[in-house]
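Examining the three-dimensional arrangement
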Amino acid sequence: MSRLVVVSNRVSVPKAQSAGGAQGGLAIALLAALRESRGIWFGWSGEETDEFEGKIDFQRHDGVTTATIDLEPQDVEEYYNGYANRTLWPLFHFRIDLAEFEREFGKGYERVNERFAQNLIPLVEPEDLIWVHDYHLMPLGERLRSLGAKNRIGFFLHIPWPPTSLFVSLPYHSRLVRTMLSYDVIGFQTVQSLDSFLYYCEKELGVEVDGNTIRFEGRSIRADAFPIGVDFAEFTAFEGSEEARVAEERILSSSRGRKVIIGVDRLDYSKGLPERFDAVGRFFDLHPERTAKTLFIQVAPPSRQDVGSYQEIRAELESMAGRINGARSEVDLVPIRYVNQGYPRRELFGFYRAADVGLVTPLRDGMNLVAKEYVAAQNGENPGVLVLSQFAGAADQLDAALSVNPYSHESMTHTIREALDMPLDERVDRWRTMMENLRQQDVVWWRDRFINALKE
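Bear in mind that the values here come from a model prediction, so they are computed numbers and not experimental data. (Residues numbered from 1 in each chain as written. Predicted model: local features only at pLDDT ≥ 70, side-chain atom pairs only at ≥ 80, totals over all residues. Heavy atoms only, no water.)

A few points about the side chain of Glu-373
- Tracing the sequence through the fold places Glu-373 in helix α14 (residues 369-376).
- The contact partners of Glu-373, leaving out residues within four places of it in the chain, are Val-230, Phe-235, Arg-345 and Tyr-352. (Helix = DSSP H or I, 4+ residues; strand = E, 2+ residues; numbered from the N terminus. Contact = heavy atoms within 4.5 Å.)

Rendered as structure tokens:
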């Protein structure tokens, strides 16, 4: 079996994570594959150093070697906070109004990708399969090729790929995509993102595209959709855990018989949280008799707190939650609970299970595993209803969810009411359809599909 080398911006170090049980399904799936092949996971440690020296911190745990490097503060500001999260992230989520095109950001992005390549290449053996992850490292394959790597190298983009009309606003966009054509396999979450990428390659770069095959400089590159799933077996096993039971009871007892709507999202403008809060407020305005019978809980752990736009959305949500509650609360009741912290996945399982409606309404999302986890956590005899944005990648697979346009207040308020009033037999039918998809197309299925494509 070929050894697998996984490369990502950040690395999930098993030894550090095992005690807290905080690993996500993606980390668990990748670690399992790395363990089977005695592989390496390489990336940034998350720590800073005054001067970059290329020192690699190796750790080995349960058959998996992690190799991490520290970055200089300038690297973090230009590569991570800058180009990755203030240029690419908003642009790829269709928010060109928030994208910042700074020359120094681009220089930092290229510099860090070069540093990744320079430090990784001595660790690579001739038969290794190299799997690079996400928008932070799109040029890495080209950098590795320039240093002599002949390996099979794949790349998977976890976020959406924008339409060509938006993407061409990125300075040096063609140079970035040409570096991506150094990979052997390029994976996307959805067919829509795949089609946008292939269209760009054919119409803007002028390269030959034959189905899912791109022919460029004497090489054939496969581009395809590989929708990521949840770790179905691991997540559904939380049902028997004490943490999940206690978490479910916390919601049920504190809601005092009210219908519970839940949202769980990282604090990010792509998640449509202000639009969601506004829709919930309008729902209470249209149906005042339901204010005392309905509880909306939004869990939104903070992220990227060094980026100004994230500070702004946090302040906006705190203000909106205060206004909605101030106008509709009683001395012993508030209709909205806004929680600005994260929880372990076992507890989230209990929260999901206690909720009558899962409200997953991003403005744009590559996949959105919260939608899948909400479905997986439900009691099959009395399942809740998933309300899912039509602009989430998960909508392609979870077509039995109630589809909603998060930009439309009318669509949102109508669909919230439909979900709350849905009869049991319809809830069960929809849930069963979605659960079958989650079982069949889980994270292991996704991982194996990509690795098998890379081996070919």
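With respect to the pairing of strand β5 (residues 129-133)
- Burial runs high along β5: 5 of the 5 residues are buried.
- Across the two faces of β5 the burial is the same, with Leu-129, Trp-131 and His-133 and Ile-130 and Val-132 all buried.
- In this structure, strand β1 (residues 4-10) lies alongside β5, joined through 4 bridges in parallel fashion. Counted as the bridge partner of Val-7 is Val-132 from β5.
- Two elements, β5 and strand β6 (residues 152-156), share 5 bridges in a ladder whose sense is parallel. Looking across to β6, one finds that Ile-130 is bridged to Ile-153.
- With helix α5 (residues 140-146) bridging β5 and the parallel β6, this β-α-β connection has right-handed handedness. (Buried < 20%, exposed > 50% of the residue type's maximum accessible area, 1.4 Å probe, protein only. Pairing = 2+ DSSP bridges. Right-handed = clockwise from strand over helix to strand, strands pointing away.)

Concerning helix α3 (residues 73-92)
- For α3, built from 20 residues, the straight-helix expectation of 28 Å at 1.5 Å per residue is missed by more than 12%, its first-to-last C-alpha distance being only 25 Å.
- A maximum bend of about 40° is found in α3 at Gly-82.
- Across the 20 residues of α3, 17 count as buried, placing the element largely inside the fold. (Expected span 1.5 Å × (residues − 1). Bend = angle between axes of the 7 residues up to and from the residue.)

So, the sheet that holds strand β7 (residues 185-188)
- Read across the sheet, 10 strands follow the order β3-β4-β2-β1-β5-β6-β7-β10-β9-β8 without closing on themselves; strand pairing throughout is mixed. The two strands at the open ends of the sheet, each matched to only one other strand, are β3 (56-61) and β8 (208-210). Mean inter-strand twist for the sheet, computed between neighbouring axes without regard to direction, equals 20°.
- Here 4 bridges tie β7 to strand β10 (residues 219-225), and the two strands are oriented parallel to one another. For Phe-188, the partnering residue across the bridge sits in β10 and is Ala-225.
- Sheet contacts for helix α8 (residues 191-203): β7, β8, β9 (213-216) and β10; angle to β10, the most-contacted strand, approximately 150°. (Axes fitted to C-alpha atoms, helices over the stretch in contact; angles between N-to-C directions.)

Let's talk about the packing of aromatic side chains
- Per the counting criterion, the structure on display carries 28 aromatic pairs.
- Three or more aromatic residues joined by ring pairs make a cluster, and in this case those are Phe-92, Trp-161, Phe-167, Phe-188, Phe-197 and Tyr-200.
- The ring centre of Tyr-172 lies 4.8 Å from the NZ or CZ of Arg-175, which sits over that ring.
- Looking at Arg-364, its charged tip hangs above the ring of Phe-94, at a distance of 3.8 Å from the centre. (Phe/Tyr/Trp six-rings, centres within 6.5 Å; stacked < 30°, edge-to-face > 60°. Lys NZ or Arg CZ within 6 Å of the ring centre and 35° of its normal.)

Considerations on the pairing of strand β13 (residues 336-339)
- Along β13, the buried face is formed by Ile-336 and Tyr-338; none of Arg-337 and Val-339, which line the opposite face, is buried.
- Note: strand β12 (residues 294-299) against β13, 4 bridges, orientation parallel. Residue Phe-296 lies in a different strand from β13, and its bridge partner there is Ile-336.

Looking at the environment of Thr-415
- Mapped onto the fold, Thr-415 is located in helix α15 (residues 409-421).
- The exposure class assigned to Thr-415 is buried, which follows from its relative accessible area of 5%.
- Linking Thr-415 and Gly-187, residues 228 residues apart in sequence, is a C-alpha distance of 33 Å.
- The contact partners of Thr-415, leaving out residues within four places of it in the chain, are Val-387, Leu-402, Ser-403 and Val-404.
- For Thr-415, the side chain forms a polar contact with the main-chain oxygen of Ser-411, separated by 2.6 Å. (Polar contact = N/O pair within 3.5 Å; in protein donor to acceptor, adjacent residues only side chain to side chain.)

Thoughts on the sheet that holds strand β15 (residues 385-389)
- With respect to topology, 6 strands assemble into an open sheet ordered β13-β12-β11-β14-β15-β16, the strand pairing being parallel. Only two strands of the sheet have a single partner each, and these edge strands are β13 and β16 (402-404). Shown here is a sheet whose adjacent strand axes are inclined to one another by a mean of 20°, direction ignored.
- Two elements, β15 and β16, share 3 bridges in a ladder whose sense is parallel. Its bridge partner being in β16, Leu-388 is matched across the sheet by Ser-403.
- α15 contacts β11 (259-264), β12, β14 (357-360), β15 and β16 of the sheet and is inclined by roughly 165° relative to β16.

Remarks on the side chain of Thr-65
- Here Thr-65 is to be found in strand β4 (residues 64-71).
- Accessibility expressed as a relative area gives 14% for Thr-65, which makes it buried.
- Aside from chain neighbours lying at most four places away, what touches Thr-65 is Gly-39, Ile-40, Trp-41, Phe-58, Gln-59 and Arg-60.

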